[in-house]
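Notes for the structure review
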Amino acid sequence: MRFDSLNADLRRWLQTSIEAGHDGEALQQAMRAAGYEGGFARQTVELAMARVRAPEAASAQPQPVVEPFAATANTVVTSDRTVEILFTVASPRIVLFGNLLSADECEQMIEASRRRLQRSTVVNGETGEYDVHADRSSNGTHFERGENPLVARIEQRISELTGCPVDHGEPLQVLHYPPGAEYKPHYDYFDPAQPGNDRVLAMGGQRIATLVMYLNDVEAGGSTVFPALGLDVLPRRGSAVYFAYTGASGETDSRTLHGGSPVVAGEKWIATKWLRQRRYGGPGG
């Protein structure tokens, strides 16, 4: 978790309280009384005290895209939810989260998307245009940052979970895969050698990580596959797989080649969040 990813009102309250001389235990008690979970309150107060008391040292610390989860840490506590860590891969960095979304949130996201679906597109690396492509046979839609309270809540949770500011995220995409639909193995980062990618890279720099959230259980098929790793992640409602593919110096990891295997029975709904190096401004800047 990063201090800058916290809610602005909470940051201001913490800074003002610490500068007024309130100790950490009192602040944690006040947060718990306000409804925050204990683990989140402790982590938040520790971050705030480090920032206020030693701002130069705090700003000098490297800011990872995702916390280096300790081997003993089986959960991550956010301001509104305790998220489980089901497995991790060290290199490339992959984390499977459980309980990231509630069943009700999943249903709300699906219902909000049904009437907005259109054929999914891919970025054409030669032209920079968004084209329909046979490799991607899903239908989808997107929600702008903070478009409604549900989206804003999920985006804040993702930011707290990953340590990546909300405004570094692309619009939340919801995708529907009917029987037979798939997304053949591909990379989520943009190859800077392709001329068309200059346009998308100008919108916020390189993509650095992806979070795929599963909105329903799939009867058969529909897994997220990583062919270079021999890894197959099965979709389970409320869980999510995170994978990072761009380092601090901009190098990309080709081992994160991944795809969505064909849906054999039933249907698949997912919500995808792509994270950028810098603030994402979209096609308009």
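Reference entry: report on the structure contained in this document. These figures come from a predicted structure and were not determined experimentally.

Quick look at the side chain of H186 now. Its place among the elements puts H186 in strand β9 (residues 183-186). For H186, a relative accessible area of 13% gives the class buried. There is a polar contact of 2.8 Å between the side chain of H186 and the backbone oxygen of K184.

It is worth spelling out the layout of surface pockets at this point. One simple way to see leftover space: roll a probe sized like a water molecule over the atoms. What the largest pocket holds in volume is close to 1,100 Å³. Every residue lining the largest pocket is counted, 41 residues in all, and those nearest its centre are T121, V122, V123, Y130 and R136. For the lining of the largest pocket, the secondary structure elements donating two or more residues are β4 (118-119), β5 (122-123), β6 (130-131), β7 (139-143), β8 (172-177), β9 and β17 (268-276). When residues of the lining of the largest pocket are assigned to their parent elements, the largest contribution, four residues, is made by β9. When the residues that make up the lining of the largest pocket are grouped by side-chain class, the tally is 13 nonpolar, 15 polar and 13 charged.

Counted at 1.5 Å a residue, the expected span for helix α6 (residues 149-162) with its 14 residues is 20 Å, and the 20 Å between its end C-alpha atoms agrees. Buried residues dominate α6, accounting for 10 of its 14 residues. N-cap assignment for α6: the residue whose side-chain oxygen lies 3.1 Å from the backbone N of L150 is N148.

Here we come to the packing of aromatic side chains. With the rule as written, the count across this model stands at four aromatic pairs. Between the aromatic rings of F226 and F243, the centroid separation amounts to 5.1 Å while the plane-to-plane angle is 85°, which identifies the pairing as edge-to-face. Here F243 lies in strand β14 (residues 240-244) and F226 lies in strand β12 (residues 224-226), a separation of 17 residues in the sequence. Like F243, F226 is buried.

Pairing of strand β1 (residues 75-77) with strand β2 (residues 82-89), which is carried by three bridges, proceeds in the antiparallel orientation. Across the sheet, T75 pairs through a bridge with E84, a residue of β2. In sequence, β2 turns back onto strand β3 (residues 94-98) through a hairpin of four residues.

It is worth spelling out empty space enclosed by the protein at this point. Inspection of the entire model under this criterion finds two cavities of 30 Å³ or more. Put simply, the largest cavity is a space of about 170 Å³. At the level of secondary structure, the elements contributing two or more residues to the lining of the largest cavity comprise β8, β9, β10 (207-214), β15 (258-260) and β17. Element by element, the count of residues in the lining of the largest cavity is highest for β17, at four residues. Here the second largest cavity is characterised by a volume of approximately 50 Å³. Along the walls of the second largest cavity sit E155, I158, S159, C164, P165, V166, G169, K273 and L275, which together make up its complete lining. Taken together, the elements giving at least two residues each to the lining of the second largest cavity come down to α6 and β17. Counting residues per element, the lining of the second largest cavity draws most heavily on α6, at three residues. Of the residues that constitute the lining of the second largest cavity, the class distribution is five nonpolar, two polar and two charged.

Basis of the calculations
Residues numbered from 1 in each chain as written. Predicted model: local features only at pLDDT ≥ 70, side-chain atom pairs only at ≥ 80, totals over all residues. Heavy atoms only, no water. Helix = DSSP H or I, 4+ residues; strand = E, 2+ residues; numbered from the N terminus. Buried < 20%, exposed > 50% of the residue type's maximum accessible area, 1.4 Å probe, protein only. Polar contact = N/O pair within 3.5 Å; in protein donor to acceptor, adjacent residues only side chain to side chain. 1 Å grid on protein atoms, 1.4 Å probe; cavity = no way out; pocket = protein on both sides within 12 Å on 5 of 7 lines; lining within 4 Å. Points joined across faces, edges and corners; volume = space filled by probe spheres on them. Nonpolar A, V, L, I, M, F, W, Y, C, P; charged D, E, K, R; others polar. Expected span 1.5 Å × (residues − 1). Phe/Tyr/Trp six-rings, centres within 6.5 Å; stacked < 30°, edge-to-face > 60°. Pairing = 2+ DSSP bridges.

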